[in-house]
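Structure assessment
This is what each chain is made of:
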Amino acid sequence: MMNRVKLGILISGSGSNLQSIIDNIEAGTLSAEIKIVISNVGDAYGLTRAKKHGLKTEVIRHENFTSREAFDARLVEVLKENDVELVVLAGFMRVITSTFLQAFPNRIMNIHPALLPSFPGVHVWQKAIDYGVKFSGCTVHFVDQGTDTGPIIIQSVVPVLDDDDADTLAARILRQEHKIYPRAIQLYAEGRLEIQGRIVKVHPKDRSLDSESLTNPRL
Ligand code: GRF
């Protein structure tokens, strides 16, 4: 029986990535268990999604804390109380501090709606359109001390079309996000991710695979 990785999922909004993780767990394609969903926004729709699936939720409002560190310390406390192994940032719109990073070293993932290192930060769909790139996409990465700078686990590419606006591009990218985030978490659950500096090695599922499979890990 595959290890079911214990997740703590942090959201601020719609929670469609949370939904895709829930759906993959329920479909048996992701060996994980959601221990808690935490939102810093009280009326985030993702909380409704979580409750519909009987998941434990908690609202921790950042504005109730006097510093980022104090907010993060409370997040860490709740995540630890709930026995979380891997923290999944899914549309969590807060920058995290070293307090958080040190509590979960190499155990925080994020999804970003651009092909990093291009377009870190916010409003990235419009930035991609304004820059004139022909392709954009999404990136799942481990979180480090920078903003959207951590080691990359999986990326997916989509075309940027001539008549795209930020909304149409965001929707096309989001469909890919829903595929690669559960996939990245599954690779973690299978123990196949190894961080070497800023490179994430993806080990094959079966180490007895032939050499071609070793050089082309099946993502
Ligand atoms: C996604 O585009 C994600 O890449 C970004 O925030 C958005 C969250 O969407 N970090 P949702 O809340 O998962 O629907």
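A quick note: this is a predicted structure, and the numbers were derived from the prediction, not measured.

Regarding the pairing of strand 4 (residues 86-89)
On strand 4, burial covers both faces: Leu 86 and Val 88 on one face and Val 87 and Leu 89 on the other are all buried. Note that strand 4 and strand 5 (residues 108-112) share 3 bridges and pair parallel. Of the residues in strand 5, the one forming a bridge with Val 87 is Ile 108. As for the winding sense of the linkage, the β-α-β connection from strand 4 through helix 4 (residues 98-103) to strand 5 is right-handed.

With respect to the layout of surface pockets
Approximately 930 Å³ is the volume attributed to the largest pocket. Contributing to the lining of the largest pocket are 36 residues, with Gly 91, Phe 92, Met 93, Ile 111 and Pro 113 lying nearest its centre. When residues of the lining of the largest pocket are traced back to their parent elements, those giving at least two are helix 1 (16-27), strand 5, helix 5 (124-131) and helix 6 (166-189). Of the residues belonging to the lining of the largest pocket, the class tally is 16 nonpolar, 15 polar and 5 charged.

Section: the pairing of strand 8 (residues 193-196)
The sheet contact formed by strand 8 and strand 9 (residues 199-202) spans 4 bridges and is antiparallel. Across the sheet, Leu 193 pairs through a bridge with Val 202, a residue of strand 9. With antiparallel pairing between neighbouring strands as the criterion, strand 8 and strand 9 make up a hairpin whose turn holds 2 residues, including Gly 197 at a positive phi of roughly 65°.

What counts as what
Residues numbered from 1 in each chain as written. Predicted model: local features only at pLDDT ≥ 70, side-chain atom pairs only at ≥ 80, totals over all residues. Heavy atoms only, no water. Buried < 20%, exposed > 50% of the residue type's maximum accessible area, 1.4 Å probe, protein only. Helix = DSSP H or I, 4+ residues; strand = E, 2+ residues; numbered from the N terminus. Pairing = 2+ DSSP bridges. Right-handed = clockwise from strand over helix to strand, strands pointing away. 1 Å grid on protein atoms, 1.4 Å probe; cavity = no way out; pocket = protein on both sides within 12 Å on 5 of 7 lines; lining within 4 Å. Points joined across faces, edges and corners; volume = space filled by probe spheres on them. Nonpolar A, V, L, I, M, F, W, Y, C, P; charged D, E, K, R; others polar.

The quantities given are spatial measurements derived from coordinates; they are silent on function.
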